[in-house]
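In case you want the letters, here they are:
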Amino acid sequence: EAELAALCDGFDYLMLNYDVVKKLSEAFYEAEPVRSLQAISADITGMDWASPAAASANGVVLLNIPHYSTESVAESILTEVLLHARQRHLAYVDELRDRDVEARKGINLKGRVGAVLGLGSIGSRTAELLAAVGMDVLLWNRSERDGVQISSLDAIFEQADVICLSVKTVKEGPEANVEFVNRELLERCEGTIIVNLANKALVDHDALVDAIQAGKVSGYSVDRTPELLDSPLGGLEQVHFPPSNAWYSDESLDTLRQTWVSNVVAAIGGELVNQYRD
């Protein structure tokens, strides 16, 4: 961080690859060389790691890259839904565990109820994909949306065969939603498939283990972490742990690079586009 601050001396704009530092503290913006910066364009969507309040207090605008991976993540979510619906991935588990490969019975998604929690760009696209395979789709969002019928969480967990989480994680404050998928909601499920490629913090995993063992949840997907793999969740075959690459595609990378550069070009021309707002 200190080395990066020194390199900013005399420059108006910084194009920052998130992998370079992964954290900008308040001290970064207070460094004398950084005071010349007008804006930082980062190659990522979320900017909590960049101390946005400190950036604003020191007159540095943060530019991010929204929506670049919408299609990739939505299609990855659908992939996880299909994996659990057809149970085809468990044939590989059979092989890895040196068992006879079982021809498991799947379910058809057409005519069943799907639900999406969180109606940002990814959630909205996921809802379209679920509808495209013939599902009746229920929607939930923290705030009302014009022209959108919002269902209650209780109704969704009681009715949905598939639930996809696309909610922004808020860890502190009045809108905190850590483990908002809790025991009470999970007990309303009946053989439900839950796909959570948003954030592991959104789900009470102790309660989820109980729900899976009780047959309330038939399948669950969450990005793999050492912590989860070493937990009771890691021993359940109903759980799929994909790598954290739902966003990763040629198309996403092309959009990311183009937006990353165009943010700075626009700023030089006097227009602040994709300005991050905490």
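**Quick look at the sheet that holds strand 1 (residues 13–16)**
Right, on to step 1. The three strands lie next to each other as 1-2-3, forming an open sheet whose pairing is parallel. Here the strands that pair on one side only, and so sit at the sheet edges, are strand 1 and strand 3 (61–63). Direction aside, neighbouring strands of the sheet carry axes that sit 20 degrees apart on average.
Right, on to step 2. In this structure, strand 1 lies alongside strand 2 (residues 39–42), joined through four bridges in parallel fashion. Residue pairing for strand 2: Leu-16 is matched across the bridge by Ala-42.

**Quick look at the pattern of salt bridges**
Right, on to step 1. In the structure shown here, the tally under the stated rule is 16 salt bridges.
Right, on to step 2. In this structure, Asp-19 engages Lys-22 in a salt bridge whose closest nitrogen and oxygen atoms are separated by 3.2 Å.
Right, on to step 3. Given the relative accessible area of 55%, Asp-19 is considered exposed.
Right, on to step 4. Arg-104 is the partner of Asp-94 in a salt bridge, and the nearest nitrogen-oxygen pair spans 2.8 Å. Of this pair, Asp-94 sits in helix 6 (residues 90–96) while Arg-104 is found in the loop between helix 6 and strand 4 (113–117), placing the two residues 10 residues apart along the sequence.
Right, on to step 5. The class for Asp-94 is buried, based on a relative accessible area of 2%.

Thresholds, definitions, all that
- Residues numbered from 1 in each chain as written.
- Predicted model: local features only at pLDDT ≥ 70, side-chain atom pairs only at ≥ 80, totals over all residues.
- Heavy atoms only, no water.
- Pairing = 2+ DSSP bridges.
- Helix = DSSP H or I, 4+ residues; strand = E, 2+ residues; numbered from the N terminus.
- Axes fitted to C-alpha atoms, helices over the stretch in contact; angles between N-to-C directions.
- Salt bridge = Lys/Arg side-chain N within 4 Å of Asp/Glu carboxyl O.
- Buried < 20%, exposed > 50% of the residue type's maximum accessible area, 1.4 Å probe, protein only.

As far as function goes, none of this settles anything; it's purely spatial.
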